[in-house]
Amino acid sequence: LGWGVKLGNIISSFFYIIVAYSIIYTIYLNIYSVTIKFKNITFDSNDTDIIITSILALFGSYSDFECNDVILESILYSEHIIGILMLALLTGTIIRKLVR
């Protein structure tokens, strides 16, 4: 269906990943009382902070997070790895469009 060729599909995949991980963060932060700090800012379990956390983790700011839970850290790390793969796919698609 042209998933790796159309830019719209890749950009919508970024949106789906952010929403999916935001739901995971919401569930996890509401069940366990853990905190996420990003450059001396404490992110709570409200919707805005969780979406910002997901966007930052997806686009490569994983190393700036400080969290006090190993499982939460692995969730952040997995989103970061998916973000690296998606950015590589996006870069390849843009280059392919430019070469044509």
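About the cut-offs
Residues numbered from 1 in each chain as written. Predicted model: local features only at pLDDT ≥ 70, side-chain atom pairs only at ≥ 80, totals over all residues. Heavy atoms only, no water. Pairing = 2+ DSSP bridges. Helix = DSSP H or I, 4+ residues; strand = E, 2+ residues; numbered from the N terminus. Axes fitted to C-alpha atoms, helices over the stretch in contact; angles between N-to-C directions. Core = buried A, V, L, I, M, F, W, Y, C linked by side-chain atoms within 4.5 Å. Buried < 20%, exposed > 50% of the residue type's maximum accessible area, 1.4 Å probe, protein only. Contact = heavy atoms within 4.5 Å. Parallel < 35°, antiparallel > 145°, perpendicular 65-115°, else oblique. Nonpolar A, V, L, I, M, F, W, Y, C, P; charged D, E, K, R; others polar. Left-handed = near helix turned anticlockwise from the far one by under 90°.

## With respect to the sheet that holds strand β3 (residues 65–67)
Strand order in the open sheet formed by three strands is β2-β1-β3, with antiparallel pairing between adjacent strands. Each edge of the open sheet carries a strand with a single partner, namely β2 (41–43) and β3. Within this sheet the neighbouring strands show an average axis-to-axis angle of 30°, counted without direction.

## Overview of the nonpolar core
Core analysis: the largest hydrophobic core is formed by 22 residues, its most contacted members being F14, Y25, L29, I36, F65, L72 and L76. Breaking this core down by element, the ones donating at least two residues are α1 (7–31), β1 (36–38), α2 (47–58), β3 and α3 (70–99). Setting aside chain neighbours within four positions, we find F14 in contact with L58, F59, M86, L87 and L90.

## Examining the packing of α1 against α3
Each pair of packed helices can be described by the angle between their axes along with the distance between the axes. Running from amino to carboxyl end, α1 crosses α3 at an angle of 175°, the nearest separation of the two axes being 10 Å. Our classification of the angle between α1 and α3 gives roughly antiparallel. When grouped by side-chain class, the residues that make up the contact of α1 with α3 number 19 nonpolar, three polar and one charged.

## Points about the packing of α1 against α2
Contact geometry for α1 and α2: axes closest at 9 Å, N-to-C directions at 125°. In terms of orientation, α1 and α2 fall into the oblique class. Remark: the crossing between α1 and α2 carries right-handed chirality. Of the residues in α2, those in contact with F14, I17, I18, Y21, S22, Y25, T26 and L29 of α1 are I50, I51, T53, S54, I55, A57 and L58. Of the residues assigned to the contact of α1 with α2, the class counts are 11 nonpolar, four polar and no charged.

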